[in-house]
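Per-entry structural report
Single-letter residue listing:
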Amino acid sequence: MEELIVKLKEILGPDKVLTSLEDRIAYSYDGTFAQNLPDVAVLPESTDEVAVVVQIAAEHRVPVVPRGMASGLAGASIPFSGGIALSLTRMNRILELDEGNRTVRVEAGIVTADLQAYVEERGLFYPPDPSSNRQSTIGGNIACNAGGPRCLKYGVTGDYVLGLTVVLADGRVLETGGKAIKNVVGYDLTSLFVGSEGTLGVITEALLKLIAKPQFVRTARAEFPSLDDASRTVNAILSAGIVPATLELMDETAIECIEEAMHLGLPLDVEAMLIIETDGSDEEAVVREIEAVARICRENGARAVEVAQSEEERAELWRARRSVSPSLARRAPNKLGEDITVPLSAIPEAVRRIKEISARYGLPIVIFGHAGDGNLHPNILFDKRDPEQWARVESMVGEIFDVALELEGTLSGEHGVGTLKRPYMEEALGPVSLDVQRRIKQALDPLNILNPGKVLP
Amino acid sequence: MTNNDIRKDEYLHCIRCGLCLSTCPTYQLTLKETDSPRARVALLRAMREGLLERPTDYTAAQYFRCLLCGACTFICPSGVTVDRLLELTRREMAELGLMPHPLVALNERVVEHHNISGEPNENRLMWAENLPEPPSGIGRERAEVVYFVGCVSALFPRSYRVAQSFVEVLERGGVDYALLGEQEWCCGYPMAINGGLDQARETIRHNVEAVRARGARLVVTTCPSCFYFWKHTYPVALGEELGFEVVHSTEFLADLLEAGRLPLRPDLPEQVVTYHDPCDLGRKGGVFDAPRRILAAIPGVTLVEMEENQEGSHCCGGGGNLESFDPEMSRAIAARRVRQAAGTGARVVVSACQQCERTLFNAARTERIRVRVKDITEIVLDALESRDQ
């Protein structure tokens, strides 16, 4: 290891190679409660430097764990015990904006919100909007195929990736895709790396598709005395032929937590709220759609529906949704946020069964999420310092996954597998799929140095 | 909430979401996790849980590289008062003998000389010597208001202008005020944030007695750090009510202007300015409106806000004694803020803090950015009718 560190320092310079215990602690965690110290953290500033790091790692058979802003919720960027934590945060340049073709080429470490602000100033739009867009990078979003509220209408991160620059496990640099929208020459390697969580290669640059920015947006919030009614309304809206930009659900525990933390004046006597947004370039159509949404909500049991009349009111409606996840920390020292998806018609049943798990184990589960695409975030609140509680949490997670699979859904919609969902992969995918995935991993990373111990069991 | 009450295990409430990285000036500068609030809290936790058993100078450096600007506390969704936690960790580092040398020296100067520059404390009124007339507040034994000048404006010639302008405005407004002169001691804030709150208790007691002896109902400071420390820490450190109010000069001036006690020139020029919220005054002290009320009261002044303003303001780089510990980093952060200011199109950056004014001015000069940097007291003085009219 010492030899490797000396080599890294020689090539990258000492400023980009961090070995103190303090620095290693700083690079030991992500947005979960998991933690592992790397031997060294490196901060390369170009694809060439990343390639050198991976080459040296390959020579020394040392694990490399790529990392953006480490806000992931599945443990994917937690270092292997020891090895190299490879931080891409300093590779944050915009390399080329092609306004005519509506594409942008960026380095992997650019913060998603910074990219969004940059293109929106120019009338363009990069839709994928993970709630962590201020503290996550495009590289991390691609590696986990991040979603977000807007993905119901606009699709997930992977739908906007036209091409990638990837450093392979032997240090070679692979270019995939390109500006052509249709491209069937060879296998779709771009898609292979999307969602690969750093296990197949290190994404260093991306060519992204942009669209024209929607000119008009309307947002509504509906309060439902019954959670079942709220869940049913989701499908009723979509069945009516309306595709809202977002369709978000929050249950009563989520509402209570937000209200406790933020004092927004949310109703505490309802079982659920939906936040629904319509957007587009035709103002009349957007307004007509939100009015139809409001009507459908009322017909399905909403007690009140509020439509934002100004940008401020809209921001206010969103503040509630954006604060959910963090607000939970005030309730209990730890939360485990799951990310299951189920077919739309199964949402009411999924919610009912998860509530039942919560009651049976005696630990609160907060449910919120992108109900419009069947992606729910049941969050278990607990105190990890109490081993008995942690044991209960582990069983509860298993049962939540069972619910998802029994209802023909799956383990994760947008957070990824990392380490936290790895034990459930076999059940979710079956032996054939796992075997194919293992062969892909072996083909691309025969030494198993790229983010080992993640994704595949 | 006063920043003085904090739960001992508050670091456990950090959920490591990373949102603080998006507003932390030191992280934004280096893009290195170790320079982030999340990492600083993680290191504290590692010390508590035994992962980091023996803190070293390098451990301590992570806390002294922090500006204590509080941007992380403001954005923290879990409600962790991060800046306060980090300030307390500085104190722990100091107790372990890990206070960095420049800061040890700074605290020793304050103990010995009662000011941060280490010169004789009787020099505290040198700024008044080249005024056309000596300020009426000098030597006053009883007064309604005490103007607490603060070390920087009193002893750093570049910043004399702040004290000079403010006193001139007080004279025009007919305010009954006193200056403490050499009886003014450093407020104690720099010592406290270096980790030496106990060292500061004597100076706190001394200053409070000096104000009480003048029977004043009000202490006014032009320095936001003095203001914050007097207002929020003094009563707690003494364990008693002060018996007088503490306000910042912007609050005092806004009231004077709105009461019509400061006659303005009729022929004021049009100027576009932007306002930089000092961290100790704004985000930490809660004073956002007063400086904006002042700018609104002066005809011809148009205020354009920077994107990061009020509670979301970006530190000037001069916070947390970073300038004494890591001047290069301090300068780089100042340069970022000046570029933001220039980006608004304003030709003048107004602040309400001699330290912000100094760091921003120096950054504008070294970066060759064409904006003027002014303290708000100068803006007010420039707008007043001249004395002989």
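**Observations regarding the pattern of salt bridges**
All names here are of chain A. All told, the structure shown has 64 salt bridges over all chains when counted by the stated rule. A salt bridge links R172 to D170; its shortest N-O distance comes to 2.9 Å. We note a salt bridge from D435 to R439, for which the minimum N-O separation is 3.0 Å. Remark: R439 and D435 occur in helix α14 (residues 425–444); sequence separation between them is 4 residues, near one turn of the helix. The network of salt bridges with common partners includes E349, R352, R353 and E406.

**Focus on the domain arrangement of chain A**
Residue and element names in this part refer to chain A. By the assigned domains, chain A splits into domain 1 (2–87), domain 2 (94–212) and domain 3 (214–322). For domain 1 versus domain 2, the distance between C-alpha centres works out to 23 Å. Tallying the contact residues gives 13 residues for domain 1 and 19 residues for domain 2. Carbon and sulfur atoms supply 69% of the area that domain 1 and domain 2 bury against each other, a total of about 1100 Å² over both sides. At the surface where domain 1 touches domain 2, the tally comes to 0 salt bridges.

**Overview of the packing of helix α2 (residues 37–49) of chain B against helix α3 (residues 57–64) of chain B**
A pair of packed helices is captured by two measures, namely the crossing angle of their axes and the spacing between those axes. All names here are of chain B. Closest axis-to-axis distance for the α2/α3 pair is 10 Å, and the angle between their directions is 140°. By the criterion of interaxial angle, the relationship of α2 to α3 is oblique. Remark: the crossing between α2 and α3 carries left-handed chirality. Seen from α2, the contacting residues are R40, L43, L44 and M47; seen from α3, they are T59, Q62 and Y63. In terms of residue class, the contact of α2 with α3 is made up of 4 nonpolar, 2 polar and 1 charged.

**Remarks on the environment of A:A272**
Residues and elements named next belong to chain A. On the secondary structure map, A272 appears in strand β14 (residues 272–280). Of the residues examined, A272 reaches a relative accessible area of 0% and is grouped as buried. Through-space distance from the C-alpha of A272 to that of D229 is 8.8 Å; in sequence the pair is 43 residues apart. Setting aside anything within four residues of it in sequence, one finds A272 in contact with A222, E223, F224, L227, A230, M250, D251 and I255.

**A few points about the packing of aromatic side chains**
Under the definition given, this model contains 14 aromatic pairs over all chains. When the ring of A:F401 is compared with that of A:Y424, the centres are 4.5 Å apart and the planes differ by 70°; the resulting orientation is edge-to-face. With a gap of 23 residues between them, A:F401 in helix α13 (residues 387–406) and A:Y424 in the loop between α13 and α14 connect regions that are remote in the sequence. For the pair A:F401 and A:Y424, a shared accessibility class is recorded, and that class is buried. Ring centres of B:Y189 and B:Y228 lie 6.5 Å apart, and the angle between their planes is 85°; this geometry places the pair in the edge-to-face category. Of this pair, B:Y189 sits in helix α9 (residues 189–193) while B:Y228 sits in helix α11 (residues 224–238), and the two are 39 residues apart along the sequence. On the basis of relative accessibility, which here comes to 10%, the residue B:Y189 falls in the buried class. Aromatic ring contacts, followed pair by pair, group B:F148, B:Y189, B:Y228, B:F229, B:W230, B:Y234 and B:F244 into a single cluster.

Criteria and cut-off values
Residues numbered from 1 in each chain as written. Chains lettered and ligands numbered in written order. Predicted model: local features only at pLDDT ≥ 70, side-chain atom pairs only at ≥ 80, totals over all residues. Heavy atoms only, no water. Salt bridge = Lys/Arg side-chain N within 4 Å of Asp/Glu carboxyl O. Helix = DSSP H or I, 4+ residues; strand = E, 2+ residues; numbered from the N terminus. Domains from an automatic or database assignment. Contact = heavy atoms within 4.5 Å. Buried area = accessible area lost by both parts, 1.4 Å probe. Axes fitted to C-alpha atoms, helices over the stretch in contact; angles between N-to-C directions. Parallel < 35°, antiparallel > 145°, perpendicular 65-115°, else oblique. Left-handed = near helix turned anticlockwise from the far one by under 90°. Nonpolar A, V, L, I, M, F, W, Y, C, P; charged D, E, K, R; others polar. Buried < 20%, exposed > 50% of the residue type's maximum accessible area, 1.4 Å probe, protein only. Phe/Tyr/Trp six-rings, centres within 6.5 Å; stacked < 30°, edge-to-face > 60°.

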